[in-house]
Amino acid sequence: MEKLARKRVQALTPYQSARRIGGSGDVWLNANESPFDNEYKLDCSRLNRYGECQPQELINAYADYSNVQPEQVLTTRGADEGIELLIRAFCEPGEEAILYCPPTYGMYEISAETIGVRQKQVPLTQDWQLDLDAIEDNLNQVKLVFVCNPNNPTGNLIRKEDIVALLEMTKDRAIVVVDEAYIDFCLEMSSADLIEQYPNLAILRTMSKAFALAGLRCGFVLADENIINVLLKVIAPYPVPLPVSDIAIAALSESGLAKMQSQVLELNANRAYLKAGLDLMSGLTVFDGWGNFLLVQFPDGDELFKATWDAGMILRNSPLENGVRISIGSRDECEKVLGFIRNYYS
Ligand SMILES: *Cc1c(COP(=O)(O)O)cnc(C)c1O
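Residues numbered from 1 in each chain as written. Predicted model: local features only at pLDDT ≥ 70, side-chain atom pairs only at ≥ 80, totals over all residues. Heavy atoms only, no water.

Draft legend 1. Molecular detail of the site of the ligand. Taken together, 13 residues lie around the ligand, and Ala79, Asp179, Tyr182, Thr206 and Lys209 are the ones closest in. Interatomic distance of 2.7 Å between a side-chain N/O atom of aspartate 179 and a nitrogen atom of the ligand. At 2.7 Å from an oxygen atom of the ligand is found a side-chain nitrogen or oxygen belonging to serine 208. For the ligand, whose free accessible area comes to 390 Å², the fraction covered by protein is 94%. With three residues, the single largest contributor to the shell around the ligand is helix H4 (residues 78–90). (Near = heavy atom within 4 Å. Polar contact = N/O pair within 3.5 Å; in protein donor to acceptor, adjacent residues only side chain to side chain. Areas by Shrake-Rupley, 256 points an atom, 1.4 Å probe, with all protein chains shown as cover. Helix = DSSP H or I, 4+ residues; strand = E, 2+ residues; numbered from the N terminus.)

So this is what it looks like as structure tokens:
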């Protein structure tokens, strides 16, 4: 039956998610998951009924957290669904295009490819910032420009004045999608305050990273009400399972937010610890990271990746030559990885 699939789906290589790649051991630092396994209570009543398409209590809670209006919030099955909805709603297959800036998150390309939407790549500059001139030269037919901030896998922040310049450049032509999957680790750097001013800005958020709820599959799009209304036309009628909205609402309560914020502080401290330890070793480069991961360039990235893999410490190799991305785990996990790498090079 494979030959019955659409040609472009036959040719597609699925996203090589950390889960798909596998591995074995007890130190999992390859998917930027949180090491914290928080407890929630589940209410299993009223499961015979459909939930609201956009549970109002959840929308209000997330709007409060991110300082926007409830009309500017859409909840989705993870940020990944937000990516797909935006492409499906705004790009004509076979004609129009998305633009993104590698090295960056792989799902922009895969979602566009699946839907049959063209992709343009304008690489980040040497210091991993936006190449605004090259983007401007490539805007023909482009409806969505994806900017990942902080960027995965490099970890750096994109300059806010460049995001503003991009919003000005694309006014009335294209939507700038700022993927803020990791912004909760440096919330003051968010672009959410620009939504009031720029009707062509959409921001992706998720509960998978700082909120320690990767398995919940809950994300958000923040944007001008007009963009949200377009997305509401293409989203599934009942996209949010009742248990998902219940747990997300609990995570966004006052005590849930306090817990998340203290876990963010702890992970940021662990990141500083890991970076300081790696910085002491010669021959490798640790890039400044603002999310819950660090990108490190080793003398022999592939070999180091294999050595840690064999030792039951699963990291993520990156598209950058000799680059390995290390998620920030518990202090104990950071110590184990650091100790292993120190031994490996001594
Ligand atoms: C993890 C991640 C996502 C996906 O988040 P989900 O909400 O789990 O779908 C989106 N963008 C980036 C940059 C990510 O790293």
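Draft legend 2. Representation of helix H5 (residues 107–115) within the structure. Taken together, the buried positions of H5 are Met107, Tyr108, Ile110, Ser111, Ala112 and Ile115. For H5, the secondary structure elements touched by its buried residues are H4, strand E3 (97–100), strand E4 (118–121), strand E5 (142–148) and strand E6 (175–179). Directly after H5, the chain includes glycine 116, whose backbone phi takes a positive value near 85 degrees. (Buried < 20%, exposed > 50% of the residue type's maximum accessible area, 1.4 Å probe, protein only. Contact = heavy atoms within 4.5 Å.)

Draft legend 3. Local environment of the pattern of salt bridges. One pass over the structure, following the stated rule, counts 11 salt bridges. As a salt-bridge pair, aspartate 246 and arginine 46 come within 3.4 Å of each other at their nearest N and O atoms. Of the two residues, aspartate 246 sits in helix H9 (residues 242–251) while arginine 46 sits in the loop between strand E1 (27–28) and helix H3 (56–66), which places them 200 residues apart along the sequence. A residue is classified by how much of its surface remains accessible, and aspartate 246, at 24% relative accessible area, is partly exposed. Here aspartate 162 makes a salt bridge to arginine 159, at a shortest N to O gap of 3.3 Å. With a relative accessible area of 10%, aspartate 162 lands in the buried category. In this structure arginine 159 comes out as partly exposed when scored by relative accessible area, which is 37%. (Salt bridge = Lys/Arg side-chain N within 4 Å of Asp/Glu carboxyl O.)

Draft legend 4. Geometry of the sheet that holds E3. An order of E2-E8-E7-E6-E5-E3-E4 is seen for the seven strands of this open sheet, with the pairing classed as mixed. Single-partner strands in this sheet number two, and they are strand E2 (73–76) and E4. Across the sheet, the mean angle from the axis of one strand to that of its neighbour is 25 degrees, orientation sign disregarded. Here E2 runs beside strand E8 (residues 219–223); their pairing, made up of four bridges, is antiparallel. Bridged to threonine 75 within E8 is phenylalanine 220. Docked against the sheet, H4 engages E2, E3, E5, E6, strand E7 (201–206) and E8, running at close to 155 degrees with respect to E7. Contacts from helix H7 (residues 160–170) reach E5, E6 and E7 within the one sheet, and its direction differs from that of E6 by about 155 degrees. (Pairing = 2+ DSSP bridges. Axes fitted to C-alpha atoms, helices over the stretch in contact; angles between N-to-C directions.)

Draft legend 5. View of the domain arrangement of the protein. Assigned domains of the protein: these are domain 1 (2–36 + 256–345) and domain 2 (56–254). Between domain 1 and domain 2, the residue contacts involve 30 residues of the former and 33 residues of the latter. Contact with domain 2 buries area across many residues of domain 1, yet Tyr15, Leu257 and Trp290 alone supply 25% of it, more than any other trio. Viewed at the interface, domain 2 and domain 1 are joined by one salt bridge. When the shortest N-O distance is used, the salt bridge between arginine 8 and glutamate 113 registers 3.2 Å. The tally of links from domain 1 across to domain 2 stands at 12 residue pairs in polar contact (both at pLDDT 80 or more). Mapped by element, the contributors of at least two residues to the side of domain 1 that touches domain 2 are helix H10 (254–279) and strand E10 (293–297). Residue contributions to the side of domain 1 that touches domain 2 peak at eight residues, all from H10. Grouping the constituent residues of the side of domain 1 that touches domain 2 by class yields 16 nonpolar, nine polar and five charged. (Domains from an automatic or database assignment. Buried area = accessible area lost by both parts, 1.4 Å probe. Nonpolar A, V, L, I, M, F, W, Y, C, P; charged D, E, K, R; others polar.)

Draft legend 6. Spotlight on the packing of aromatic side chains. All told, the structure shown has 14 aromatic pairs when counted by the stated rule. Relative to tyrosine 345, the ring of phenylalanine 298 lies with its centre 6.2 Å away and its plane at 10 degrees, an arrangement referred to as stacked. Of this pair, phenylalanine 298 sits in the loop between E10 and helix H11 (301–310) while tyrosine 345 sits in the segment after helix H12 (331–344); the two residues are 47 residues apart in sequence, bridging distant segments of the chain. You can call tyrosine 345 partly exposed: its relative accessible area is 30%. The interplanar angle of 90 degrees and the centroid separation of 5.0 Å between the aromatic rings of tyrosine 344 and tyrosine 345 together place this pair among those described as edge-to-face. Through a chain of ring-to-ring contacts, the aromatic side chains of Tyr15, Tyr100, Tyr105, Tyr108 and Phe146 assemble into a single cluster. Lying across the ring of phenylalanine 293, arginine 325 places its NZ or CZ 5.8 Å from the centre. Cation over ring: arginine 331 sits above tyrosine 273, and NZ or CZ is 4.3 Å from the ring centre. (Phe/Tyr/Trp six-rings, centres within 6.5 Å; stacked < 30°, edge-to-face > 60°. Lys NZ or Arg CZ within 6 Å of the ring centre and 35° of its normal.)

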